Amino acid sequence: MATTLRNINALAMPTWRRLGVNGAAIELELPTPEPINAPHPTLPSGIIRTHESVLRCAEFKSALSGELAAYIRVHANAGARIRSKRGEIVAEPVTSSYTLGADSPVVVDSNVIFAEAHSSVTLVLFYDSADDSAAFHAGMTRVIAENCADVHVVEVQTLNTATRHFTDFSAVIANGASVSLTRIELGASEVYAGSHMKLEGDKAESRAHTFYFGDGARKLDFNYVARHLGQHSVSTQDAAGALFGRCDKIFRGTIDFVRGASGSVGAESENTLLFSKSARNRSAPLILCGEENVEGSHAASVGKPDAAKLYYMQSRGLSEGDAKRMLTLAMMETALKALPDEDMREKVRAALAARITDNA
Amino acid sequence: MTKPLLDVRNLHVNVGEKLILRGLNLTVNAGETHVIMGQNGSGKSTLAAAIMGSPMFDVSDGTVEFLGEDITRLSPDKRAKLGVFLSFQNPEEIPGVTVENFLRAAVGAVTGETPRLFKFQKELFAKMDELGLDRVYASRELNVGFSGGEKKKTEILQLLMLNPKLAILDEADSGLDVDAVRVVSDGINKYRNADNAMLIITHNQRLVDDIKVDYVHVLDDKHITLTGGAELISRIADGGFAAVHGDITE
Ligand SMILES: Nc1ncnc2c1ncn2[C@@H]1O[C@H](COP(=O)(O)OP(=O)(O)OP(=O)(O)O)[C@@H](O)[C@H]1O
Ligand SMILES: [Mg+2]
């Protein structure tokens, strides 16, 4: 099924035409996935399996692409569908790990989280490659957080650089509920990542934290939206990353204050370390105010690694490559805190360190 | 005859167009402690940077040799591996990297083998205790939010952990309280032995009160104008640089 996706990661308000950041159009062969051997993850007590139909009571928007979301819905060959019961605070995460490669070249996962009122749930998703073969991943996670529920989703992507990776996240957040999404994007030939947080209730909260590593001629394309409807709702979008080689990264961050969302606060920040003059780094922050009594802020820092810091580190025996690797790993630490255990964190650090040896 | 540890010859150093050192000579042998004094802006830190290999300064003429090897064009990490260490006048903050992780990587880089975690921690904690540095600092980000004195103690901690052949201390005592100066000079004395050497840059007599000093050099007019023994320190402390101004050895 060959398709051209015209409006992937499109901005809510196409105001940046000049810079060509409104959205990407890409040619894509959307594969029809074979069934894969991916058992539903085991569930800790307090969490039960559920069905897609629970999502019917909410309206989801895809920041990545409506077309892709529809494809994922129809063709999913994997996914976790979980429901945390009212009042259940479950610290133990639900974990799904996918290993793509010659044996499972196409993974399309559709995840569903329904967090009942006053419950708490964590879903951790790993996407890794078994070999060097070109594979395809498209995934989507949809979340309903009822009143005062607390949902954490962590995605760690360490795919090989021949694999295409599409990931979409969409949450509907009720009164006093909070949803956090943490993404660690280390690999793939192309990363297209969307996130749409719909802060529907009063005092709803969303956090999106992203760490990216770009190198070679890879492409990283992010589109994050926080849509404030409820009063006193709070959103943050933080991204940090390091770019090497000739990679091309764009981060679109939109805070959309809808009329009536008075007293709401939205903040976005990005911190990019540019290790290469040939890397392309674009940011498109957008703050839409349909309401007056709101506070939206944007902060960005883009810089080369500080020569004085590199010299200081080298004076202790670390090579330039060691120093760059250390500075890049340091930028990932905030995102890593979202992972529930140290073994997982150590694995991800090793995965990143190995990628920097290749090109420092 | 054994080769000198450090041999600086006819060193000329520029920052951009500005010439900061012109024809400086200095020889340091194993087992010796040298002190460099000089007015603010005379070029002491520049000399330290040129020996360590800072990319911010250009060596436009002259050479730096270490154990007979010309290191004038060597990168700082290679110099560190040969055994050169600089305690910075203004240590850099490295966000996101803990003292422990940084030092473990540094020891690994210098010795060629990353030390086992538990053995390393034991040694690190022992040295921190000696320096009166709270162990919680091991897991703090290197120098981030450290007080001036804490930064200086952390530099000495790195000196003790890396155990270099030549330690250059650039105002290791500035900003330290009386007790901390004592702790630092104790640390320095623990480090010094017959096989290594020290180059101490200081404005204060106190640091070197308890340290056996072999040579004192005065840096003035872009080079070393006077070399003497430890007695020079008190003469300068009492009468300022004017008191020794006429005594020219070169
Ligand atoms: N990066 C630089 N750019 C321009 N000038 C510089 C730079 N670094 C040093 N200098 C100049 O070189 C001269 C020597 O500086 P240096 O820091 O070596 O002095 P110092 O003897 O260490 O002084 P202090 O006792 O104050 O530490 C000064 O005039 C200083 O302004
Ligand atoms: Mg100085």
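See the structure printed just above.
Scoring rules and cut-offs
Residues numbered from 1 in each chain as written. Chains lettered and ligands numbered in written order. Predicted model: local features only at pLDDT ≥ 70, side-chain atom pairs only at ≥ 80, totals over all residues. Heavy atoms only, no water. Donors = N, O, S within 2.8 Å, 3.2 Å for Na, K, Ca; no water. Helix = DSSP H or I, 4+ residues; strand = E, 2+ residues; numbered from the N terminus. Buried < 20%, exposed > 50% of the residue type's maximum accessible area, 1.4 Å probe, protein only. Contact = heavy atoms within 4.5 Å. Phe/Tyr/Trp six-rings, centres within 6.5 Å; stacked < 30°, edge-to-face > 60°. Core = buried A, V, L, I, M, F, W, Y, C linked by side-chain atoms within 4.5 Å. Pairing = 2+ DSSP bridges. Axes fitted to C-alpha atoms, helices over the stretch in contact; angles between N-to-C directions. Near = heavy atom within 4 Å. Polar contact = N/O pair within 3.5 Å; in protein donor to acceptor, adjacent residues only side chain to side chain. Areas by Shrake-Rupley, 256 points an atom, 1.4 Å probe, with all protein chains shown as cover. Nonpolar A, V, L, I, M, F, W, Y, C, P; charged D, E, K, R; others polar. Left-handed = near helix turned anticlockwise from the far one by under 90°. Buried area = accessible area lost by both parts, 1.4 Å probe. Salt bridge = Lys/Arg side-chain N within 4 Å of Asp/Glu carboxyl O. 1 Å grid on protein atoms, 1.4 Å probe; cavity = no way out; pocket = protein on both sides within 12 Å on 5 of 7 lines; lining within 4 Å. Points joined across faces, edges and corners; volume = space filled by probe spheres on them. Arc of directions from axis to C-beta.

J.: What should I look at first to understand the coordination of the magnesium ion (ligand 2) in this one?
T.: In a perfect tetrahedron of four donors around a metal, the angles come out at 109.5 degrees. In a perfect octahedron of six, they are 90 or 180 degrees. Residues and elements named next belong to chain B. For the magnesium ion (ligand 2), every protein donor is listed as S45 (OG) and Q89 (OE1), and the spread of their distances is 2.0 to 2.1 Å. Residue S45 is found in helix α1 (residues 44-52), and its partner Q89 is found in the loop between β6 (84-87) and α3 (99-111); the two are separated by 44 residues along the sequence. Accessibility expressed as a relative area gives 27% for Q89, which makes it partly exposed.

J.: Help me understand the side chain of S180 of chain A, please; the structure alone is not making it clear to me.
T.: Relative to the helices and strands, S180 of chain A resides in strand β11 (residues 178-185). Residues in contact with S180 of chain A, not counting those within four places in the same chain, are V151, H152, V153 and R207 of chain A.

J.: Explain the packing of aromatic side chains here, please?
T.: Residues and elements named next belong to chain A. As enumerated under the stated definition, the model contains 14 aromatic pairs over all chains in all. Ring plane angle 45 degrees and centroid distance 5.0 Å describe the contact between Y224 and F251, whose orientation is recorded as tilted. Remark: F251 occurs in strand β16 (residues 248-257) and Y224 occurs in strand β14 (residues 219-228); sequence separation between them is 27 residues. Taking relative accessible area as the criterion, F251 reaches 6% and is therefore assigned buried.

J.: Looking at this structure, I do not really get the nonpolar core. What am I missing?
T.: Soluble globular proteins tend to bury their nonpolar side chains together. Of all hydrophobic cores here, the largest spans 113 residues; its most connected members are L11 and L26 of chain B. Counting residues per element, this core draws most heavily on helix α3 (residues 320-336) of chain A, which supplies nine residues. Setting aside its immediate chain neighbours within four residues, L26 of chain B contacts L6, D7, V8, H34, I36, L47, L199, H217 and I224 of chain B.

J.: Would you mind showing me how to read the sheet that holds strand β13 (residues 205-214) of chain A here?
T.: Backbone-to-backbone hydrogen bonds pair the strands of a sheet. The strands run either parallel or antiparallel. Residues and elements named next belong to chain A. Here we have eight strands laid out as an open sheet, ordered β5-β7-β9-β11-β13-β15-β17-β19, and parallel in their pairing. The open sheet has two edge strands with one neighbour each: β5 (94-100) and β19 (295-303). Across the sheet, the mean angle from the axis of one strand to that of its neighbour is 5 degrees, orientation sign disregarded. Bridge analysis of β5 against strand β7 (residues 120-129) gives seven bridges, and the strand direction is parallel. In the strand pairing of β7, L100 is matched with S129.

J.: Hey, could you run me through the pairing of strand β3 (residues 33-38) of chain B in this one?
T.: Regular strands place their side chains on alternate faces of the sheet. Residues and elements named next belong to chain B. Within β3, six of the six residues are buried, which leaves the element mostly enclosed by the surrounding structure. Here β3 shows a buried face lined by T33, V35 and M37 and a second buried face lined by H34, I36 and G38. Pairing of β3 with strand β8 (residues 197-201), which is carried by four bridges, proceeds in the parallel orientation. Considered in β8, the bridge of I36 is made with I201.

J.: Please explain the site of ligand 1 as it appears in this structure.
T.: Residues and elements named next belong to chain B. Residues in contact with ligand 1 amount to 15 residues; listed here are only the nearest, G41, K44, S45, T46 and H203. In the environment of ligand 1, an oxygen atom lies 3.1 Å from a nitrogen or oxygen atom belonging to the side chain of Q89. Coverage of ligand 1 by the protein amounts to 64% of the 630 Å² it exposes when considered alone. Of all the secondary structure elements, the ones that give two or more residues to the shell around ligand 1 are β2 (18-28) and α1. Residue contributions to the shell around ligand 1 peak at three residues, all from α1. A per-class count over the shell around ligand 1 returns three nonpolar, nine polar and three charged.

J.: What exactly am I supposed to notice about the packing of helix α2 (residues 307-314) of chain A against α3 of chain A here?
T.: The description of two helices packed together rests on the angle between their axes and the distance between the axes. Residue and element names in this part refer to chain A. Here α2 crosses α3 at 115 degrees, and the two axes come no closer than 9 Å. Every pair of crossing elements has a handedness; the one defined by α2 and α3 is right-handed. Residues L310, M313 and Q314 of α2 touch α3, and the partners they reach there are E320, A323, K324, M326 and L327. Class assignment of the residues belonging to the contact of α2 with α3 gives a composition of five nonpolar, one polar and two charged.

J.: In this structure, what is going on with unusual backbone geometry? I would like to understand it.
T.: Backbone geometry follows two general trends: most residues other than glycine have a negative phi, and most peptide bonds adopt the trans configuration. Even without a glycine there, the phi angle at A188 of chain A is positive, about 80 degrees. A188 of chain A sits in the buried class, given a relative accessible area of 0%. Positive phi is not limited to glycine here, since N163 of chain B has a value of about 45 degrees. Structurally, N163 of chain B is set in the loop between α5 (148-162) and β7 (166-170). With relative accessibility at 49%, the residue N163 of chain B sits in the partly exposed group.

J.: Sorry, what's going on with the interface of chain B and chain A here?
T.: Frequently, the measure chosen for interface size is the accessible area that the parts lose on association. The interface is formed by 33 residues belonging to chain B together with 15 residues belonging to chain A. Summed over both sides, the interface between chain B and chain A buries roughly 1,900 Å², with carbon and sulfur atoms accounting for 70% of that surface. For the pair chain B and chain A, the interface holds two salt bridges. Close ionic contact of K309 of chain A with E92 of chain B constitutes a salt bridge, the shortest N to O distance being 3.9 Å. Secondary-structure elements contributing two or more residues to the side of chain B that touches chain A are α1, α2 (76-82), β6, α3 and α5 of chain B. A per-element tally of the side of chain B that touches chain A places α3 of chain B first, with six residues. Classifying every residue of the side of chain B that touches chain A gives 21 nonpolar, seven polar and five charged.

J.: Any chance you could explain the side chain of S96 of chain A here in plain terms?
T.: The topology assignment puts S96 of chain A in strand β5. Those residues in contact with S96 of chain A that sit more than four places away from it in its chain are P41, A80, V124, L125 and F126 of chain A.

J.: How should empty space enclosed by the protein be read in this particular structure?
T.: Summary: where empty space remains is shown by rolling a probe the size of a single water molecule over the atoms. Residues and elements named next belong to chain A. Throughout the structure, instances matching the rule amount to one cavity of 30 Å³ or more. Taken as a whole, the largest cavity holds about 50 Å³ of empty space. Forming the boundary of the largest cavity are Q237, F251, G253, E268, S269, E270, S283, A284, P285 and H298. Counting residues per element, the ones that place at least two in the lining of the largest cavity are β16, β17 (265-274) and β18 (280-289).

J.: In this structure, what is going on with helix α1 (residues 66-75) of chain A? I would like to understand it.
T.: Each full turn of the α-helix corresponds to 3.6 residues, which orients residues three or four apart in the same direction. Residue and element names in this part refer to chain A. Every buried residue belonging to α1 is among L68, A69, Y71 and I72, and all of these are buried. Projected onto a plane normal to the axis of α1, the buried residues spread over an arc of 160 degrees and lie on a single side. Between the side-chain oxygen of the N-cap and the backbone nitrogen of E67 there are 3.3 Å, and the N-cap of α1 in question is S65.

J.: Can you walk me through the layout of surface pockets in this structure?
T.: Size it by volume and the largest pocket reaches roughly 1,400 Å³. Along the walls of the largest pocket sit 41 residues, with M326, L329 and A330 of chain A together with G96 and V97 of chain B positioned nearest its centre. Residue assignment for the lining of the largest pocket shows that the elements contributing at least two residues are β17, β19, α3 and α4 (342-357) of chain A together with α3 of chain B. Of all the elements, α3 of chain A adds the most residues to the lining of the largest pocket, at ten residues. The residue makeup of the lining of the largest pocket, split by class, is 16 nonpolar, eleven polar and 14 charged.

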